[in-house]
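Structural overview
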Amino acid sequence: MLNFIPKPVQWFLGLVILVGLGYGLWEWTTSMGRERLIDVAKVQNLCQSVECAEGITQVSALLGTKYSVAPSLIQWCVGVDRWAGTRARKMEWLKGIVVSGMYLPCPSITEGRR
């Protein structure tokens, strides 16, 4: 199909696409987790600015201590939790497999879910 492109270039382009998709998934998931952490910080009156950075830091530190997860991974884990809570119209089994893989960095949070 792509015979006019040399094989090494095809492999390189494939790798670039996979890395881009992985980065996009990371950004999307952490932004969903960040939104949830902002909601929690607002409910607990921890926000002192519009961006609520200090509230996110406090909530991340608290959850990181509670679940023995690095605070830098809390946004990811909360975002994956949000993915897990959504319903897929089709291929729910595939979403389950992907979400299980996404939970790998968050072992102590997911102990009761598997």
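In what follows, the accompanying structure is described. (Residues numbered from 1 in each chain as written. Predicted model: local features only at pLDDT ≥ 70, side-chain atom pairs only at ≥ 80, totals over all residues. Heavy atoms only, no water.)

As used here, a disulfide is simply a covalent bond connecting the sulfur atoms of two cysteines. Taken as a whole and assessed by the stated rule, the structure comprises two disulfides. Two residues share a disulfide in this structure: Cys47 and Cys52, whose sulfurs sit 1.8 Å from each other. Linking Cys47 and Cys52, the disulfide has an S-S dihedral of approximately -70 degrees and is accordingly described as left-handed. Note on cysteine connectivity: Cys77 is disulfide-linked to Cys106, with sulfurs 2.0 Å apart. The S-S bond linking Cys77 to Cys106 shows a torsion near -95 degrees; that makes this disulfide left-handed. Remark: Cys106 occurs in the segment after helix H4 (92–102) and Cys77 occurs in helix H3 (residues 71–85); sequence separation between them is 29 residues. Among the residues examined, Cys77 registers a relative accessible area of 1% and is labelled buried. Owing to a relative accessible area of 0%, Cys106 belongs among the buried residues under this scheme. (Disulfide = S-S within 2.5 Å. Helix = DSSP H or I, 4+ residues; strand = E, 2+ residues; numbered from the N terminus. Buried < 20%, exposed > 50% of the residue type's maximum accessible area, 1.4 Å probe, protein only.)

Moving on, we get to the nonpolar core. Core analysis: the biggest nonpolar cluster contains 16 residues, and Leu37, Ile74, Trp76, Cys77, Val80, Tyr103 and Cys106 have the highest contact counts within it. Residue assignment for this core shows that the elements contributing at least two residues are helix H1 (7–43), helix H2 (53–67), H3 and H4. For this core, the element with the highest residue contribution is H3, accounting for five residues. Beyond its immediate stretch of four places on either side in the chain, Leu37 contacts Ile56, Val59, Ser60, Leu63, Ile74, Gln75 and Val78. (Core = buried A, V, L, I, M, F, W, Y, C linked by side-chain atoms within 4.5 Å. Contact = heavy atoms within 4.5 Å.)

Let us now look at unusual backbone geometry. The general pattern is negative phi for most residues beyond glycine and trans for most peptide bonds. Although it is not a glycine, Cys52 adopts a positive phi angle of roughly 60 degrees. Tracing the backbone shows Cys52 in the loop between H1 and H2. Backbone geometry at Met91 places phi at a positive 55 degrees, although glycine is not the residue there. For Met91, the position within the fold is in the loop between H3 and H4.

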